[in-house]
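Letter by letter, the chains look like this.
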Amino acid sequence: MTAPLIERSAALRRLRQLGKAMTTPLSPHDYLALINPLWSQRELRGRIDQVVPETERAATLVIRPGWGWSFDHAPGQYIGIGVEMDGRFHWRSYSLSSVPLVEGKTVSITVKAMPEGFLSDHLVNGLAPGTIVRLAAPQGDFIVPDPPPAKMLMLVGGSGITPIMSILRTLERRGTLPDVVLAYSALHEADMMFHDELRELAERTDSLHFVPRFTEDEGMLTADRLVEVSPDWQEREAWACGPGPMLDAFSAHYEAHGLLDHLHVERFTLAKADGTASGGTVTFGVGGPSVEVDGATTLLEAGEKAGVNMLFGCRMGICHTCDAPLASGTVRDLRSGAEHGEPNEYIQTCVSVAAGDCTLTL
Amino acid sequence: MAYADVREYTHLTDDEVDAIGAELDQIRAEIEASRGQADRDYILRIITLQRRLAAAGRITLFASFFPPAWLLGTALLGSAKILENMELGHNAMHGQWDWMNDPEIHSSNWEWDTTQPAEQWKHSHNYIHHQFTNVLGHDNDVGYGILRMSRDQKWHPVNLGQPIYNALLALFFEYGVALHDLDIEAIRKGEKDPKLLIKQLRQIRGKVGRQALKDYVMYPALTGPFFLSTLTANFTANIIRNVWTHGIIFCGHFPDGAVHFTEEELEDETRAEWYLRQMLGSANFEGGKLLHVMSGQLGYQIEHHLFPDLPSNRYAQISVKVKDICQRYDIPYTTGPLYRQYGQTLRTILKLSLPNRRTTDNPAPESARKRRRLEDSERPVRRSELGKWSGAASV
Ligand code: FES
């Protein structure tokens, strides 16, 4: 990781300290951002450069990040993007489809409009170039080692192609594309993102074996038919990304063959509660302790029951001492009955109950 | 006279109290559901305005040797600080804008342009004061540990100096606020956790240092030969802000009609009763739009205390409904022009500098119930110590 310029130069660092002392308790960026919103360094921001349609329901957003962004993400990682709609920021994560560093000034994500996803729909159809969005730095460990293994298998469903795309493009650009079998399923050809690019890539290189599958006609690729797509699948290091049920099926298959170590999985569809769910499993911190609760136990009480060191003040929804960001899932505010289910949204644990399984960031 | 029971004081039936609670919950739900673009635009406008005022003030003061520029720069900077403390800082730190999911305008990371660290304010004000509003012995905002603001507080000869303490508090209000969460009373009684005390003192020293460095060293130094005139301008801007915020804040709970409570009220208090206590313990003032913006909408103190985390630009709209509830249930809704509310507050400060037997009127004649004042040893453990907030948890 190369640090941003301002971290590297001692003179600039001193200048920044001086600036900070002059604008305390704000930072100089708060004033600079009034002139150009991309000059904020309180948090990462970006400007939408282009919206490139990929299919009827998918588009690539080319984003020009502002200050503080380093372009050396690992292919396969995802970023968070926060978009304002009706006064409120909605956050989602999308895999980067662009190649690290090479493009230098922009990054891109490819978004598919989901049937119930009002935000993805907005991203695909509603973002005008020039819109300022908030960004969260690349993260995720769905990555390919450098150099890559000699034989790879990629199992992809639907919009799961985006991280794979970034990986393939990077490998090709570096000239290290090994023997890859890409099994990629979509409803039909028009719904298949990057279809043409992948075909060309497969023609250009000997090492990519592209197996598109159109599930409307051919049905799903089931785990027991994997051998038809890739007879030597057991010898390949595998990367799988797509809908949950598909990933579950393949994980079970690999496990049954004692090969789970060779499967890298990326999940990104969050199960949303159906609006009537009450109670569920509450997890405190990703990978932290969890408890089963009913629809009347507040998350604060649940945390205390699980032995978590929860912060609280009034316990009645006034003081916000108990606020914690929601990592996933949906909760219900006991006072208004309103549901909150935005990832990263702060909720008051003392007056919220679980509406289905949920995870808090602590 | 402080009251031990909100229901008894209001002469409402249990059903009526619950109905009021339900109506207020309903108002909250409606406002929550209707928050949107217009509210965001409002707060962004105020932020932009505030930052421009601040920048304009600082720039004007480069000519601070020239008296009209000194005046103008000071006025601009003073207004910027007022706007920042009231409409932005106070309200953002209450979580009023958290719904936007915008990390830049969020209670978890807003720090304000005054000497009290935000974290401590969120405890002393947002939690202690807003939960225990006007409950004697629990709400340190009653007189800020300096003034005797209720007849139920024991008189001491020291109180004779109240008018002077009050004037000093007004001038240096930000420092009074900075020390607020230390809880001088707890320190005096030896109940304060020394580790927490040290941590808080360090935080305060850091914040005061940064604020003073900015206003009294950096900017004066930048203007070179006019160091002194810039320094006096910055000092004056801070004083203007202090006097203004002190006045606005004192008008929130001390005009005639805002009542105090005893700790008995807290026992098994329901949410509806809490609402009632907020309404009875707070006081509004009237004025134009500008006045409300410059006071962080605290002219709608009653509404603010009912819904401390709803966006401030909605309080005017909420007040119509709250007033209506008060009328229908015959509950007092204390309001009046700013000068009158402020005048009554000053009168109380003067009057209560004397022992009760030296003053005649009883601000709450309708209460015939006389209570013996509890001794310190009889009081239940301070509720504030029950809470576990970040400051306490991380020592
Ligand atoms: S503890 Fe005060 S709002 Fe939750």
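Residues numbered from 1 in each chain as written. Chains lettered and ligands numbered in written order. Predicted model: local features only at pLDDT ≥ 70, side-chain atom pairs only at ≥ 80, totals over all residues. Heavy atoms only, no water.

### Description of the overall build of chain A
- In terms of helices and strands, chain A carries 10 helices and 17 strands.
- The C-alpha atoms of chain A give a radius of gyration of 23 Å, which matches the 21 Å a tight globule of 362 residues would have.
- With respect to the three principal axes, the spread of C-alpha positions in chain A is 60 × 55 × 35 Å.
- With 362 residues in all, chain A has 52% of them scored as buried.
- Put simply, of all contacts in chain A between residues at least 6 apart along the chain, 64% involve residues at least 24 apart.
- With an accessible surface of roughly 16000 Å², chain A has 53% of that area assigned to carbon and sulfur atoms.
- Distance from the positive charge centre (30 side chains) to the negative charge centre (46 side chains) of chain A: 10 Å. (Helix = DSSP H or I, 4+ residues; strand = E, 2+ residues; numbered from the N terminus. Rg over C-alpha atoms; globule rule 2.2 N^0.38 Å. Buried < 20%, exposed > 50% of the residue type's maximum accessible area, 1.4 Å probe, protein only. Contact = heavy atoms within 4.5 Å. Areas by Shrake-Rupley, 256 points an atom, 1.4 Å probe, with all protein chains shown as cover. Lys, Arg positive; Asp, Glu negative; His and termini not counted. Charge placed at Lys NZ, Arg CZ, Asp CG, Glu CD.)

### Structural notes on the interface of chain B and chain A
- Listed per partner, the contact involves 47 residues of chain B and 40 residues of chain A.
- Interface area for chain B against chain A, summed over the two sides, is near 3800 Å², with a carbon-plus-sulfur share of 53%.
- At the boundary of chain B with chain A, the tally comes to four salt bridges.
- Salt-bridge contacts for R134(A) lead to E104(B); the nearest nitrogen and oxygen are separated by 3.4 Å.
- Summed over the shared surface of chain B and chain A, the result is 17 residue pairs in polar contact (both at pLDDT 80 or more).
- Where the side of chain B that touches chain A is concerned, the elements lending two or more residues are α2 (14-34), α3 (37-60), α5 (118-131), α9 (194-222), α11 (271-281) and α16 (390-393) of chain B. (Buried area = accessible area lost by both parts, 1.4 Å probe. Salt bridge = Lys/Arg side-chain N within 4 Å of Asp/Glu carboxyl O. Polar contact = N/O pair within 3.5 Å; in protein donor to acceptor, adjacent residues only side chain to side chain.)

### Section: the packing of aromatic side chains
- Under the counting rule described, the total for this entry stands at 13 aromatic pairs over all chains.
- Where Y216(B) meets F235(B), the ring centres are 6.2 Å apart and the plane angle is 50°; that geometry is what we call tilted. You can see Y216(B) sitting in helix α9 and its partner F235(B) sitting in helix α10 (residues 227-250), a full 19 residues away along the chain.
- Exposure remark for F235(B): the relative accessible area of 38% places this residue in the partly exposed category.
- The cationic tip of R315(A) hangs over the ring face of F312(A); the distance from NZ or CZ to the ring centre is 4.5 Å.
- Against the face of Y219(B) rests R58(B), its NZ or CZ located 4.1 Å from the ring centre. (Phe/Tyr/Trp six-rings, centres within 6.5 Å; stacked < 30°, edge-to-face > 60°. Lys NZ or Arg CZ within 6 Å of the ring centre and 35° of its normal.)

### Re a negative patch on the surface
Residue and element names in this part refer to chain A.
- Residues E189, D196, E200 and E203 make up a contiguous surface patch of negative charge.
- Relative to the helices and strands, E200 resides in helix α6 (residues 195-204).
- Overall, the relative accessible area of 46% leaves E200 in the partly exposed class. (Patch = residues over 30% accessible without salt bridge, like charges linked within 9 Å, V, L, I, M, F, W, Y side chains within 5 Å.)

### Re the pairing of strand β4 (residues 88-95) of chain A
Residues and elements named next belong to chain A.
- Among the eight residues of β4, six are classified as buried, and the element is accordingly described as predominantly covered.
- For strand β3 (residues 78-85) and β4, the ladder comprises eight bridges, and the chain directions are antiparallel. If you follow V83 over to β4, its bridge partner there is H90.
- A loop of two residues connects β3 with β4, the two strands running antiparallel in sequence, and D86 in this loop sits at a positive phi of about 50°. (Pairing = 2+ DSSP bridges.)

### Side note on the sheet that holds β3(A)
Residues and elements named next belong to chain A.
- Spatially, β4-β3-β6-β1-β2-β5 is the arrangement adopted by the six strands of the open sheet, whose pairing is antiparallel. The open sheet terminates on both sides in strands that have one partner only, identified here as β4 and β5 (107-112). With direction set aside, neighbouring strand axes in the sheet form an average angle of 40°.
- Pairing geometry for strand β2 (residues 58-65) and β5, over six bridges, is antiparallel. By the bridge assignment, I63 is partnered in β5 with V107.
- Packing of helix α4 (residues 118-125) onto the sheet brings it into contact with β1 (44-55), β2, β3, β4 and β5, and relative to β3 it is tilted by some 90°. (Axes fitted to C-alpha atoms, helices over the stretch in contact; angles between N-to-C directions.)

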